[in-house]
Amino acid sequence: MYLLLALLGACAPAWQPSRAGRFDLAVPDAWAVTRNYRFLGTDTVVLAKGSAAMSVTVRPAEPEKRPLPLDLVAGVRALSWGRRVGVENAVLGEQEIVIDGRRACAVTGLRRWRTATTGFTMVYLRAPGQTVELVLHAPADEIAGYAATWGTFLDAFHLTAPPEPDGPLFWEDTWRR
């Protein structure tokens, strides 16, 4: 009984528009919040419109991933998503971007599961003690139509944690040190 109460208490909303939390975001017009929870230190918010979805996941940082360059972590995360259940992933592009004044790595690609092909853009960034994953999913033939909304969403995203000192973002950066 106590375990059930503890688990329910751990599932508080991850984000509330009127309250300061670990992050803030703006819900685009015609998009709806479909999931919003905090569980075991991880905050998750999912917005949906039709067959497209945007998500925010803020996790506690894993110490063993800290020294790895951000592009390596983002690429591996993008390629491993859903692999256990048979999802095939392909990365089509990767670039450095800035989100909320922080260095980030954006990975774009395609996911195929059974007969469905989905386009995605995943943005991975860090804050002290946290890793942040921002993702846009949409059918491959529709994803370009969400580019403007995705850009506005990324521009409005804000973390309350201060930025980390600049570390290696891309694998090549580690060779320059």
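See the structure shown above.
On a predicted model such as this, the values are computed, not experimentally measured, just so you know.

**A word on the packing of aromatic side chains**
- Under the criterion given, the structure shown has three aromatic pairs.
- Aromatic pair tryptophan 31 and tyrosine 146: ring centres 5.8 Å apart, planes at 75°, arrangement edge-to-face. On the criterion of sequence distance, the pair formed by tryptophan 31 in the loop between strand 1 (23-24) and strand 2 (32-39) and tyrosine 146 in the loop between strand 8 (130-139) and helix 3 (147-156) is long-range, its members being 115 residues apart. Tyrosine 146 matches tryptophan 31 in its accessibility class, with the two residues each being buried.
- Each ring, one from tryptophan 150 and one from phenylalanine 153, has its centre 5.8 Å from the other, and the planes form 20°; the classification is stacked. Separated by three residues within a single helix, tryptophan 150 and phenylalanine 153 lie in helix 3, roughly one turn from each other. Here tryptophan 150 and phenylalanine 153 have matching classes, each one buried.

**Some points on the sheet that holds strand 2**
- In spatial order, the strands read 2-3-4-8-7-6-5; together these seven strands make up an open sheet with antiparallel pairing. Where the open sheet ends on each side, the last strands, each with one partner, are strand 2 and strand 5 (88-99). Neighbour to neighbour, the strand axes of the sheet diverge by 15° on average, direction disregarded.
- Examined bridge by bridge, strand 5 and strand 6 (residues 102-113) share eleven bridges and lie antiparallel to one another. Bridge assignment links isoleucine 99 to a residue of strand 6, and that residue is arginine 102.

**Description of helix 2 (residues 70-80)**
- Regarding helix 2, the residues found buried are Leu70, Asp71, Val73, Ala74, Gly75 and Ala78.
- Summarising the contacts, the buried residues of helix 2 are in contact with strand 5, strand 6 and strand 7 (116-127).
- Immediately beyond the C-terminal end of helix 2, within one or two residues, lies glycine 82, with a positive phi of roughly 75°.

**A look at the pairing of strand 7**
- Most of strand 7 sits inside the fold, with nine of its twelve residues counted as buried.
- Pairing of strand 6 with strand 7, which is carried by ten bridges, proceeds in the antiparallel orientation. Pairing of valine 107 across the sheet is with methionine 122, part of strand 7.
- With antiparallel pairing between neighbouring strands as the criterion, strand 6 and strand 7 make up a hairpin whose turn holds two residues, including arginine 114 at a positive phi of roughly 55°.
- With ten bridges connecting them, strand 7 and strand 8 associate as antiparallel partners. Among the inter-strand pairings, phenylalanine 120 is bridged to a residue of strand 8, identified as histidine 137.
- Counting the residues that bridge the hairpin from strand 7 to strand 8 gives two residues, and of these glycine 129 lies at a positive phi of roughly 75°.

Conventions and cut-offs
Residues numbered from 1 in each chain as written. Predicted model: local features only at pLDDT ≥ 70, side-chain atom pairs only at ≥ 80, totals over all residues. Heavy atoms only, no water. Phe/Tyr/Trp six-rings, centres within 6.5 Å; stacked < 30°, edge-to-face > 60°. Helix = DSSP H or I, 4+ residues; strand = E, 2+ residues; numbered from the N terminus. Buried < 20%, exposed > 50% of the residue type's maximum accessible area, 1.4 Å probe, protein only. Pairing = 2+ DSSP bridges. Axes fitted to C-alpha atoms, helices over the stretch in contact; angles between N-to-C directions. Contact = heavy atoms within 4.5 Å.

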